[in-house]
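Residues per chain, in single letters:
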Amino acid sequence: MSVRPTTRLSRADLADLNSFLVVHRLCSFTQAAIELGITTSALSHAMRNLEARLGVRLLNRTSRTVSPTEAGENLAKRLEIGFLEIGGALADVNRHRDRPVGRLRLNVLQDGARLMLAKSLPKFLHNYPDIEVEVAVDDHMVDIVAAGFDAGIRFGGTVPEDFVAIKIGPPLRWVAVASPRYLHRSAPLNVPEDLKAHNCIQIRTGQGVIYRWDFEKDGERRTIEVPGQLCVNETTLGIEIAVASGGITYCLEDRVREHLHHGELQVVLPDWTPIEPAFHIYYPGHRQVPPGLRELIEILRQDG
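The shown structure was predicted, so the numbers you read here are calculated from the model rather than taken from an experiment.

**Focus on the overall build of the protein**
Here comes step 1: What the protein contains, in helices and strands, is nine helices and 15 strands.
Here comes step 2: Taking 304 residues into account, the globule formula puts the C-alpha radius of gyration at 19 Å, and the protein, at 25 Å, lies well above it.
Here comes step 3: Expressed as lengths along the three principal axes of its C-alpha atoms, the size of the protein is roughly 90 × 50 × 30 Å.
Here comes step 4: Taking the contacts inside the protein whose residues are at least 6 apart along the sequence as the reference set, 73% of them involve residues at least 24 apart.
Here comes step 5: For the protein, the computed accessible surface area is about 17,200 Å², with 51% contributed by carbon and sulfur atoms.
Here comes step 6: For the protein, the separation between the mean place of its 35 positive charges and that of its 38 negative charges on side chains is 5 Å.

Right under this line is the structure:
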């Protein structure tokens, strides 16, 4: 009875196969190199060495695109299953440790990063020194699975279906704010429609559309398409322009709490401030929960 020889994989083989999977998923050497934390030239060299060892081309390269060959596509499908099993096995082992060990990649919108992570991450990093955390702050709606993230933080109601979503804070109050100087020199505001006569700082969302401002009073809801000379795609700049008397901006009350406290900004239409769903952290339910994610969620919920 003959025994088939077992192919031995070196550490370099495993690293190169993992790198190949990242290139396959992102269809880009540049983006894959950023995720892997290496240079593009080093990644390209590693892929050529892998192809040379295997004796087959895995990737078709042009000056603009990267796509798998038939052999590369077949290999990627098999590797995804194998690496998923490896990840699950490591997670099982990790549960027997006193503290989790690993790396978390998070995709977080700006408001969530400023209001949730900035407050909670220092405690998490101190409590779990063997967990490395990478945070991508991005208001665009990202497919966290395809982009290689372990979890994301979004507003409740905007989390894609088929994900596990956990509330990590209280409901959120939205306000329109302006500086006292701006309000002193401008027409009075009594109802949301009065904003049409003002210079509002428009907001372009991560979905690429101009955000319409929502207001609510005694169950009556109004949505206003505000005019404005300026349009921004991030909250911080809009707030800074408003503090400098450049117009009225719209944001979470918590983002401007200090400015309100010091009198640099005032809430416009205070009787019309709507309450919206809280921040949620979400992750794919069909995957093994990565080390540290449960612990991070617990800290976020406590701090929230």
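**Focus: the nonpolar core**
Here comes step 1: Core analysis: the largest hydrophobic core is formed by 45 residues, its most contacted members being Ile153, Leu195, Trp213, Phe215, Ile248, Phe279 and Ile281.
Here comes step 2: Mapped onto this core, the elements with two or more residues apiece are strand E3 (102-108), helix H5 (110-127), strand E5 (151-155), strand E7 (172-178), strand E9 (213-217), strand E12 (249-252), strand E15 (279-284) and helix H9 (293-303).
Here comes step 3: Setting aside residues no more than four positions away along its own chain, Phe215 makes contact with Ala176, Pro192, Leu195, Glu220, Arg221, Arg222, Ile224, Tyr250, Leu269, Trp272 and Pro274.
Here comes step 4: Core analysis: the second largest hydrophobic core is formed by 18 residues, Val22, Ala46, Ala76 and Leu79 among them.

**Digging into the pairing of E15**
Here comes step 1: Among the six residues that make up E15, six are buried, leaving the element largely enclosed by the rest of the structure.
Here comes step 2: Side chains Phe279, Ile281 and Tyr283 of E15 all project onto a buried face; the interleaved residues His280, Tyr282 and Pro284 project onto the opposite face, where all are buried too.
Here comes step 3: Alignment of E5 against E15, held across four bridges, turns out to be antiparallel. If you follow Ile153 over to E15, its bridge partner there is Ile281.

**Re the sheet that holds strand E6 (residues 163-167)**
Here comes step 1: With mixed pairing, five strands are arranged side by side in an open sheet as E4-E3-E5-E15-E6. Because the sheet does not close on itself, it has two edges, and the strands there are strand E4 (131-137) and E6. The sheet shows a mean angle of 25° between the axes of neighbouring strands, direction not considered.
Here comes step 2: As paired strands, E3 and E5 are joined by three bridges and run parallel to one another. Following the sheet pairing, Asn107 is matched in E5 by Gly152.
Here comes step 3: Contacting E3, E5, E6 and E15, H9 crosses the sheet at an angle of about 170° to E15.

**Description of the packing of helix H1 (residues 11-26) against helix H2 (residues 29-36)**
Here comes step 1: Put simply, H1 and H2 touch, their axes get as near as 8 Å, and they point 130° apart. Judged on the interaxial angle alone, H2 and H1 are oblique. Of the two elements, H1 crosses H2, and the hand of that crossing is right-handed. Contacts between H1 and H2 involve Asn18, Ser19, Val22, Val23, Arg25 and Leu26 from the former and Phe29, Gln31, Ala32, Glu35 and Leu36 from the latter.

**Notes on the pattern of salt bridges**
Here comes step 1: For the coordinates displayed, the defined rule picks out 17 salt bridges.
Here comes step 2: Salt bridges sharing partners connect three or more residues here, namely Arg25, Glu35, Arg103, Arg105 and Glu134.

**Some details on the pairing of E3**
Here comes step 1: For E3, a buried count of five out of seven residues is recorded, marking the element as mostly surrounded by other parts of the structure.
Here comes step 2: Strand direction decides the pairing type here: E3 and E4, joined by seven bridges, are parallel. Across the sheet, residue Asn107 finds its bridge partner in E4, namely Ala136.
Here comes step 3: Handedness of the crossover is the feature at issue here: the chain leaves E3, passes through H5, returns alongside E4, and the resulting connection is right-handed.

**Quick word on H1**
Here comes step 1: The end-to-end C-alpha distance of H1 is 23 Å, a good match for the 22 Å that 16 residues give at a rise of 1.5 Å each.
Here comes step 2: Regarding H1, the residues found buried are Asp13, Asp16, Leu17, Ser19, Phe20, Leu21, Val22, Val23, His24 and Leu26.
Here comes step 3: Count one or two residues on from H1 and you reach Cys27, which has phi positive near 55°.

**Side note on the environment of Phe149**
Here comes step 1: Turning to its location among the elements, Phe149 is positioned in the loop between E4 and E5.
Here comes step 2: What makes Phe149 buried here is its relative accessible area of 8%.
Here comes step 3: Spatially, the C-alpha atom of Phe149 lies 19 Å from that of Gln207, the residues being 58 residues apart in sequence.
Here comes step 4: Contact partners of Phe149, with chain neighbours within four places excluded, come to Arg105, Leu106, Asn107, Ala136, Val142 and Ile144.

Conventions and cut-offs
Residues numbered from 1 in each chain as written. Predicted model: local features only at pLDDT ≥ 70, side-chain atom pairs only at ≥ 80, totals over all residues. Heavy atoms only, no water. Helix = DSSP H or I, 4+ residues; strand = E, 2+ residues; numbered from the N terminus. Rg over C-alpha atoms; globule rule 2.2 N^0.38 Å. Contact = heavy atoms within 4.5 Å. Areas by Shrake-Rupley, 256 points an atom, 1.4 Å probe, with all protein chains shown as cover. Lys, Arg positive; Asp, Glu negative; His and termini not counted. Charge placed at Lys NZ, Arg CZ, Asp CG, Glu CD. Core = buried A, V, L, I, M, F, W, Y, C linked by side-chain atoms within 4.5 Å. Buried < 20%, exposed > 50% of the residue type's maximum accessible area, 1.4 Å probe, protein only. Pairing = 2+ DSSP bridges. Axes fitted to C-alpha atoms, helices over the stretch in contact; angles between N-to-C directions. Parallel < 35°, antiparallel > 145°, perpendicular 65-115°, else oblique. Left-handed = near helix turned anticlockwise from the far one by under 90°. Salt bridge = Lys/Arg side-chain N within 4 Å of Asp/Glu carboxyl O. Right-handed = clockwise from strand over helix to strand, strands pointing away. Expected span 1.5 Å × (residues − 1).

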